[in-house]
Amino acid sequence: MEGAGFALAQSLRQQMAPVVMVLPTPKVEASCQRNSLSFVDLLRPFCSLANVNVPVRTASEQPYRLQEFYVRMFYASEICQPQTETADLCLLEVVNDTNDHLSGEQQGDAQKSDFMKMRAMADARTPSFQKYSKEFMRTLAFSEHEAVDHPVACIQAVSSSDEHPISKFVELYNTEHLPALINEGVMDPKLLKLYVLVHDLQEGSVDRANEILLEMRSTFGVNNCRILCINSGSPESNEEVPNSSEDMWSSHLLRPMTPVNAQETDKLDRDQSRRMRGCYITKADMEELTDFVLDISVKHIIPTMELKIRTLYQQVAATRKGLKNQIKNLWWRKGKDEIPDVSNGPLYTYSSMESQIRVLADYAFMLRDYELALSNYRLLSSDYKIDKAWKRYAGVQEMIGLSLFMLDQSRRESELCMETAINYYQKSGTSSAKYATRCALWLAEMHKAKGQYREAAIVLFRSSTEEESLRAALLLEQAAYCYLRTAPPMLRKCGFHLVLAGNQYTNCGQRKLAMLVYRSALSIFRDQGWNYISDHVHFHLGRLCTLLENNAIAAQFFKKVIACSHQSPTNQAKYLAEFLSVIESDLKGAVLELDLPSVDLEHVHVHFEDQRTYASSAAASVPEEVWSSVEEGLVPAADKAVNWLDAKTAIAKIATDYNICVAGGEIGVDVEFRNPLQVTLDVSGVSLVCNFTAESTIEESGLQNAEGSKVDLSSSVDHLSLQDGQPGTNLEQHDLTLSEEAFTLKAGEELIVRLKVKPSRAGILRVMGVNWILSKIAHGRRDFAVLGRKNKLSRNNKRDEPPPHQRLKFRVLGHMPRLEVSLHEMPGRVNTGEVRRLVLELSNPSTATLKTIKFKTNHPLFLLVGDSGDLDQEFPGCLEVRRDTSRIEDAASIEEECSTSGFIFSFPEGTVLEGGSTLLWPLWLHASQAGTIILNTVIYYEPDKSIIGLRFRTVRITHSLQVIPSLRVGVQISPSPLHLEQFLLRLDIENEHSAESFWLRQVSCAGNQWSLESLPPPIVEASEESEGADSVRAAYLSASVCPSQLLPAGQNLSLFFKLLNVGSRKVPTAEGLTSNIKLGPPSSTEPLIDIASGPLLNFLLREKLHLRKPAHLSVPQQQAGSAAKADRKIVTASGSSGESLHDGGGVDVMLISEQQDGMSIEKRDSTVNDSLKVVVHDICQNSVQGSAPLVWVLEGPRCVEHNFEKDPFCEVSLTLTISNRSSFNASIKVETFDVKPMPLASSVPNMEKRVGWFPLAPSASPAVGEGTTATAALESGTSTTPATVATTNSDKENVCGMSPCGPYMWCNLRSTKISLLSAGASAQVPLCVAFFAPGIYDISRYQISWSLLDKVLETRTLPKSKSLVFGPQKLSKNTEITYASGFTPPADKQGGVSGSSSSGFKSSTSFGVGPGHPLLLSVLEVAL
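Right, let's walk through the structure included here.

The rules we used
Residues numbered from 1 in each chain as written. Predicted model: local features only at pLDDT ≥ 70, side-chain atom pairs only at ≥ 80, totals over all residues. Heavy atoms only, no water. Helix = DSSP H or I, 4+ residues; strand = E, 2+ residues; numbered from the N terminus. Buried < 20%, exposed > 50% of the residue type's maximum accessible area, 1.4 Å probe, protein only. Contact = heavy atoms within 4.5 Å. Areas by Shrake-Rupley, 256 points an atom, 1.4 Å probe, with all protein chains shown as cover. Pairing = 2+ DSSP bridges. Axes fitted to C-alpha atoms, helices over the stretch in contact; angles between N-to-C directions. Parallel < 35°, antiparallel > 145°, perpendicular 65-115°, else oblique. Left-handed = near helix turned anticlockwise from the far one by under 90°. Expected span 1.5 Å × (residues − 1). Phe/Tyr/Trp six-rings, centres within 6.5 Å; stacked < 30°, edge-to-face > 60°. Salt bridge = Lys/Arg side-chain N within 4 Å of Asp/Glu carboxyl O. Nonpolar A, V, L, I, M, F, W, Y, C, P; charged D, E, K, R; others polar. Lys, Arg positive; Asp, Glu negative; His and termini not counted. Polar contact = N/O pair within 3.5 Å; in protein donor to acceptor, adjacent residues only side chain to side chain.

Some details on the overall build of the protein chain
Reasoning step 1: When helices and strands are counted, the protein chain shows 34 helices and 52 strands.
Reasoning step 2: A burial count over the protein chain gives 51% of its 1424 residues as buried.
Reasoning step 3: Expressed as a percentage of contacts within the protein chain between residues at least 6 apart in sequence, the contacts between residues at least 24 apart total 78%.
Reasoning step 4: For the protein chain, the exposed surface amounts to about 65500 Å²; the carbon and sulfur share of it is 50%.

Things to note about the pairing of strand E47 (residues 1321-1331)
Reasoning step 1: Of all 11 residues making up E47, 9 are buried, and the element is well covered by its neighbours.
Reasoning step 2: Pairing of strand E45 (residues 1304-1306) with E47, which is carried by 3 bridges, proceeds in the antiparallel orientation. Paired with Tyr1304 across the two strands is Phe1331, which belongs to E47.

Concerning unusual backbone geometry
Reasoning step 1: Here Ala487 and Pro488 are connected by a cis peptide whose omega angle stands at -5°.
Reasoning step 2: For Pro488, the location among the structural elements is in the loop between helix H19 (469-484) and helix H20 (491-507).
Reasoning step 3: For the bond from Leu596 to Pro597, the omega torsion is -5°, close enough to zero to count as cis.
Reasoning step 4: Relative to the elements of secondary structure, Pro597 occurs in the loop between strand E8 (591-592) and strand E9 (598-599).

Digging into the sheet that holds strand E37 (residues 1052-1061)
Reasoning step 1: Overall, antiparallel pairing links the 4 strands, which are arranged E32-E33-E37-E35 in an open sheet. What marks the edges here is a single partner per strand, and that holds for strand E32 (967-975) and strand E35 (1010-1014). Neighbour-to-neighbour, the strand axes of this sheet turn through a mean angle of 30°, independent of strand direction.

Here we look at the sheet that holds strand E42 (residues 1199-1202)
Reasoning step 1: If you trace the 3 strands from one edge of the open sheet to the other, you get E42-E52-E48, paired in mixed fashion. If you trace the sheet from one side to the other, it starts and ends with E42 and strand E48 (1335-1338), each paired once. Within the sheet, the average angular offset between the axes of one strand and its neighbour, ignoring direction, is 25°.
Reasoning step 2: In this sheet, strand E52 (residues 1416-1421) lies alongside E48 in antiparallel orientation, the contact comprising 4 bridges. Note on E52: the bridge partner recorded for Ile1336 is Ser1418.

Describing the packing of helix H15 (residues 390-407) against helix H16 (residues 411-427)
Reasoning step 1: Put simply, H15 and H16 touch, their axes get as near as 8 Å, and they point 160° apart. As judged from the angle between their axes, H15 and H16 are roughly antiparallel. Judged by the twist between their axes, the crossing of H15 over H16 is left-handed. For the pair H15 and H16, contact is made by Trp390, Lys391, Tyr393, Ala394, Gly395, Gln397, Glu398, Ile400, Gly401, Leu402, Leu404 and Phe405 and by Glu413, Ser414, Cys417, Met418, Thr420, Ala421, Tyr424, Tyr425 and Lys427, respectively.

Structural notes on helix H21 (residues 511-525)
Reasoning step 1: For H21, with 15 residues, the first-to-last C-alpha span of 21 Å sits near the 21 Å given by 1.5 Å per residue.
Reasoning step 2: Buried residues dominate H21, accounting for 13 of its 15 residues.
Reasoning step 3: Within two residues after H21, Asp527 carries a phi angle of roughly 60°, on the positive side.

Considerations on the packing of aromatic side chains
Reasoning step 1: Applying the stated criterion to the full structure yields 26 aromatic pairs.
Reasoning step 2: Residues Phe169 and Tyr195 carry aromatic rings whose centres are separated by 5.5 Å and whose planes lie at 85° to one another, so their mutual orientation is edge-to-face. Placement of Phe169 in helix H6 (residues 165-172) and of Tyr195 in strand E6 (residues 192-200) is noted, with a sequence separation of 26 residues between them. Of the two residues examined, Phe169 and Tyr195, each falls in the buried class.
Reasoning step 3: Ring geometry for Trp1306 versus Tyr1342: centroids 6.5 Å apart, planes at 85°, classification edge-to-face.

Thoughts on the pattern of salt bridges
Where charged atoms of side chains with opposite charge meet at close range, the side chains can pair.
Reasoning step 1: This model, assessed by the stated rule, comprises 40 salt bridges.
Reasoning step 2: Between Glu593 and Arg782 there is a salt bridge whose closest N-O contact spans 3.5 Å. Residue Glu593 is found in the loop between E8 and E9, and its partner Arg782 is found in strand E21 (residues 778-783); the two are separated by 189 residues along the sequence.
Reasoning step 3: Residue Arg612 is joined to Glu624 by a salt bridge in which the shortest nitrogen-to-oxygen separation is 3.6 Å. Of this pair, Arg612 sits in strand E11 (residues 612-614) while Glu624 sits in helix H26 (residues 624-630), and the two are 12 residues apart along the sequence.
Reasoning step 4: Relative accessible area serves as the criterion here: at 17%, Glu624 is assigned to the buried category.
Reasoning step 5: Among the charged side chains, a network of salt bridges with common partners joins Glu146, Arg358, Asp362, Glu398 and Arg438.

Brief notes about the packing of H19 against H20
Reasoning step 1: Axis separation between H19 and H20 bottoms out at 8 Å; the angle between their running directions is 165°. The orientation of H19 with respect to H20, classified from their angle, is roughly antiparallel. The interaxial crossing formed by H19 with H20 has left-handed handedness. Seen from H19, the contacting residues are Ser469, Leu470, Ala472, Ala473, Leu474, Leu476, Glu477, Ala479, Ala480, Tyr481, Tyr483 and Leu484; seen from H20, they are Leu491, Lys493, Cys494, His497, Leu498, Leu500, Ala501, Gln504, Tyr505 and Asn507.
Reasoning step 2: Residues of the contact of H19 with H20, tallied by class, amount to 16 nonpolar, 4 polar and 2 charged.

Here's the deal with the side chain of Asp285
Reasoning step 1: Note that Asp285 resides in helix H11 (residues 283-319).
Reasoning step 2: Buried charge Asp285 goes without a salt bridge, the closest partner of opposite sign being Arg34 at 11 Å.
Reasoning step 3: Those residues within four positions of Asp285 in sequence are excluded, and the remaining contacts are Cys229, Ile230, Asn231, Ser232, Gly233 and Tyr280.

Things to note about the environment of Leu23
Reasoning step 1: Of note, Leu23 is situated in strand E1 (residues 19-24).
Reasoning step 2: Taking the C-alpha atoms as reference points, Leu23 and Leu172, separated by 149 residues in sequence, lie 6.4 Å from one another.
Reasoning step 3: Not counting chain neighbours up to four residues away, the residues in contact with Leu23 comprise Ala76, Cys154, Ile155, Gln156, Ala157, Leu172, Tyr173, His177 and Leu178.

A word on the side chain of Gln33
Reasoning step 1: By the element assignment, Gln33 lies in helix H2 (residues 26-33).
Reasoning step 2: By relative accessible area, which is 14% here, Gln33 ends up buried.
Reasoning step 3: A distance of 3.2 Å separates a polar atom in the side chain of Gln33 from the backbone oxygen of Leu37.

Section: helix H14 (residues 370-387)
Reasoning step 1: Helix length check: H14, at 18 residues, gives a terminal C-alpha distance of 25 Å against a target of 26 Å (1.5 Å per residue), a fit within 8%.
Reasoning step 2: Within the sequence span of H14, burial applies to Tyr370, Leu372, Ala373, Leu374, Asn376, Tyr377, Leu380, Ser381, Asp383, Tyr384 and Asp387.
Reasoning step 3: Positive phi appears at Lys388, one or two residues downstream of H14, with a value of about 60°.

Some points on the environment of Pro569
Reasoning step 1: Here Pro569 is to be found in helix H24 (residues 569-586).
Reasoning step 2: Judged by its relative accessible area of 36%, Pro569 is partly exposed.
Reasoning step 3: Excluding anything up to four places from it in sequence, Pro569 contacts Gln678 and Val679.

The structure is reproduced here in structure tokens:
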């Protein structure tokens, strides 16, 4: 057994231990009384024997050992059942002792009775109930129907100072001294007699005692005689007694059950109240007492019980076992079914066979041979049932259930036996009802041991219905606690049983216990919607407190009933009248926390002025948490707590904890009052409760803590009540002026009252709450829920601060400067990417000078502060490229400054704004996202002269900006099929605007790593006929520009550029570290827009920082509107934004366009720029990484002349260059394929099967404009068909003037293998092809397959490309590997990436196959 089951088994062993009867002489008692103990009380602490390890053999031949043993010792006069009145008085004293411990429990606040306290009370009440149960079961001991309490042995104790001690032993065992049950024949008088000679060492030496011991042994035998020496110490010099000796005896003292013993015990307690228990007992005496109990238990009691069991077992076996004995017993008992039922059945003497079997079973149970006990209990059960001895039958069933429980077998059967015992105890009459309760307690404990608290509660509740009020209340209370311990807790049943228990406690006069359980029930019924039950509990609690003469607590409970809106008007008036009568009788003038009328304490609104100012009413309506997020990092953090060294600066230290207001200014607090009842309420004397401390008092006394501080309030004002005030009048007391209001609330009426307070000088003001007088009798007060900042940190390590309009703590100052802000040219609607210049106007109407001006907005991607020189030129001239290279800014320093400063702009040092002056400063607006954007801006400034309590002020500005989609821009970068070190950049532009058109002006590439170049025109070698205007037109029709700069609404466009890696440019040009391409014709004179400095560079860097840290610059969801669904597709369309190659990094592309309302194409050049709009789109961090680990290009001549009449075929040498751009060594195989000629007239839809020169449908050419050539299409990466050749018009003649021709043939090896190509290296494979006819050929019939080898690099960065290296390369250990997007590196056996391991060898399983890139080769036939 474990847990509760082990505790129950231990309790059973202790309560059903063998009983020893004690017969001492008066002198023995006198010797023991030196220690304020009786002889039995002296021995009881030593009756619990542990580690005895005694072998025991009962009826079976196999012995077992007892490790612990218990003995119960009683006087002969105590071996009897007490009278019912005496037992009830004893149990009542146990309950009264509990009441004494609970005397201070009712003094607490009724509000503190919560669920956790009820659980603690349940745990605290359980030991008290167990103590009561133990005493209750002791009152039922020594019954005639059970032998478990029959004495096993008798100790006769004679003092060595007694005269004629031998004759004393004979006289002690007299029938007059024996228990009544022995004289009546119920108990066996033949007991084991032990003769003990008690010698008091305080009366002399032990010599005479030894002589008496010899005489005893010669008379009574050697084994049964023993001497016991006590009182070897003294109260003055006893140093061997432990400090806890008194507790050792106190815990084993039993409450007397007879009136005589109780009176004698009370007399002894009064006479020896000053004497400590065990004061004469030394450590040696304790050891001798332990040895004495151990000796009589091991050598006498246990062997006697063993012998008794074996003897009785033989008798039972001879008379009751066997077929013959069973038939004989059945025949003898035949006819007893007709005898009438009696309460106890027939009288059984100790010599009857039934009594002998019961003694055998009880002895076996006490020696823990539960199998033997169970078999005899079952044998006896049938006899009692036939005899209709229901009480004895119930007792046997009870012992059967306990035996099964101790055996830990068939627990269901044990419960059924206990249920049977309860039923038959109740059937046997009222005198046995207590035994039914005892059996119910055992059964409840058995259920608890198995965790079945619900079943235990049912048993206790059923037993309570058969008991008197006090015991019924205890059982109901324990049943409620059982429901509380169920999983999940059955709170409703728990509360219901607690109320029943409280009712029973009230009926029996236990008012303190009734209050205890009623208050425990409050934690269940409160806030559960069971209003009527809650009112019932509160009402009874108030009544109980009134009966206990505790009107203060009674008022606390009664005031919970007066605000019951669910009651009828009659009950409401009755409850209110009873409450007012209690207040008027004893508590008139006391201030209570009343709920009538109802006050909204959490939603008060404060009207005041502090360091926060607003530029408009719209800014004032923005929630405070929005402004708090904007001001993070801008406004200084709160100061730390002030110690005694900083007493003079205490006022400055608490400025961050208190609202700021001005002396002489009115502070208004809007408070809502509501009448929840259906009767009219008269409310008067309504005013604020304030606490004010003058500034001089703070400076003199100091402040220990800004929150809840211990301030010297000797001169402070605490307005708790205002008398003789008329409604609406102002009462001046000290430094505050308070307004007082009075009103009448009708049934269900709500009223908002503005209560005002006006401080007259500087100091600290706290608005604590509001007070009033109800019906001119009860003074009520409620404190506001929000007072100020909480010092306790929350989970995110931040202090919870209430909003300013709810903060009720003020720092009163005498002066407050103010700054007015205006924002000019701020539009309400813009296009996506539009750049606007705004003008910020700062005006200082006060006389004080301001400094340290800072600017911060919640959208740094939209708004930034420009340079003061930006106002010197007209817009957009201030954005154009200037020849002054000194203005080129360092992008890294700007990016670092934005990241570290949190996008807070500080005006240049020395910028001051004197009183009456105005300052203009440029702002730049860039609408980078579509949607409705709320721009919340905060301007921070400080006064020129330090003001205590006002170190700074802020101005809050808000604007709503609607951003309309304009251009959608996407970037795609792919490797060039003609050059290994070049890339092709495709710029896709779509006009998403519904009505407006945009002029494409410029494409720029920011940074010093990459350079953009235009693709060459279609006519590379100009002839004489193509000079002049035609050559200019050819250049204008390049793939990098468009024939028209205008992009109408709903149209799209794709532009192509060459992207070169130029390394790090250290020498800036006039355009800065950028490359810019005009999208207009070469004759255009428009200057370039500067992206290397100024606002465009700042916006670009902020956009890049936003991509790296999206959480830092994310648009708030409640403000962005549809911005979350806007043009972020532009960035995602460009591929991976986070990764970059080892030789370039991410590419930042910027498209600049213009838009002007009502502007046509013809009038664009002559239109003034007053209404010109510049639109800038940033596409940042575009990756140039490809998806394949290898890159190859086929190089050779583009045009070959050959005379086919002289030589039938034409051989051309080509070179295939392969570069390994992965981080793995590779094995490469190059295969070439010949193609059979196909009929010229056949029309095959599959373009891959076409051979030679043939027309191509216009739909197959890329949409790059009418002048886009095949070369441009190939360089753009749009041609994915190897054998496709494009022409501008399929109906015109081809360039060479020839018809499509036959195929070609490879002249080299069919397969060429490169065994090892190191990572980052390049290899060249020579090829040769033969042509049989002139024509234009697409040389793409070859295939490259590769396999990544086992050996991988130990580093992560690829070196510069090397030419034709067949062998492994050793790279630096500190470099970094970068993989291509879409390429998965080989994984090792453990599932990881092989290139990430420190070892250089991993298993590789990566393979790939790639087709050849198209190469157009023109073969011309020449004559001799």
